[in-house]
Amino acid sequence: MSYNANTALDLVKARKERAGVDTPAPLVSYWTQRIAAAAAELESKGIILEDTVGDNSLVADLAVERINNRDNPKHDPEWLRTMIRERWFHQTRQTT
């Protein structure tokens, strides 16, 4: 099971204040690629994504952070680092 890319895209649109608005195809394509990159980044950290509200939100939050801060990807806000860390801890507790 994996995250839901369509749900993540809807969440990104909401965070970017484009929910319910016709969004140009190139922008949707760019956001979709950033979502895939965010999911790959989380998976490279050992997180096995699932189609849950939490995981879809985490992917969208990371994607929006990368979109908004392209020039500074290594300085994530504390709330995002905490969410990623807590998600990883939750997963490791369930698999042991």
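Computed from a predicted model, the values in this text were never measured in an experiment. Along each chain, residue indices are assigned from 1 in the same order as the chain's sequence is written. Whole-chain, interface and lining totals are the exception, using all residues; otherwise, since this is a predicted model, local features are given only for residues with pLDDT of at least 70 and side-chain atom pairs are given and counted only at 80 or more. The side-chain numbers reported here are obtained from all heavy atoms of the structure, hydrogens and water having been left aside.

(A) Region of the structure containing the nonpolar core. Nonpolar cores are built from buried Ala, Val, Leu, Ile, Met, Phe, Trp, Tyr and Cys residues. Side-chain atoms within 4.5 Å join them into one set. Summary of the burial criterion: residues with accessible area below 20% of their type's maximum are buried, those above 50% are exposed, and those between are partly exposed, where the area comes from a 1.4 Å probe applied to protein chains only. Of all hydrophobic cores here, the largest spans 21 residues; its most connected members are Y3, V12, I35, L42, L49, V59 and I84. Labels follow the DSSP assignment, with helices taken as runs of H or I lasting at least four residues and strands as runs of E lasting at least two, numbered in each case from the N terminus. Mapped onto this core, the elements with two or more residues apiece are α1 (5-15), α2 (25-44), α3 (53-68) and α4 (78-95). Broken down by element, this core gets its largest block of residues, seven residues, from α3. The contacts of V59, once residues within four sequence positions are left out, are Y3, A8, I35, A38, A39, L42 and L49. Here, residues are in contact when the closest pair of their heavy atoms is within 4.5 Å.

(B) Just the pattern of salt bridges, in detail. Within this document, salt bridges are pairs made up of a side-chain nitrogen of Lys or Arg and a carboxyl oxygen of Asp or Glu, the two lying within 4 Å of each other. One pass over the full model with this rule turns up seven salt bridges. For D61, the salt bridge identified is with R15, shortest N-O distance 2.6 Å. In this pair, D61 is assigned in helix α3 and R15 in helix α1, connecting sequence segments 46 residues apart. Look at R15 and you get partly exposed, because its relative accessible area is 40%.

Limitation: the analysis is restricted to geometry and does not speak to function.
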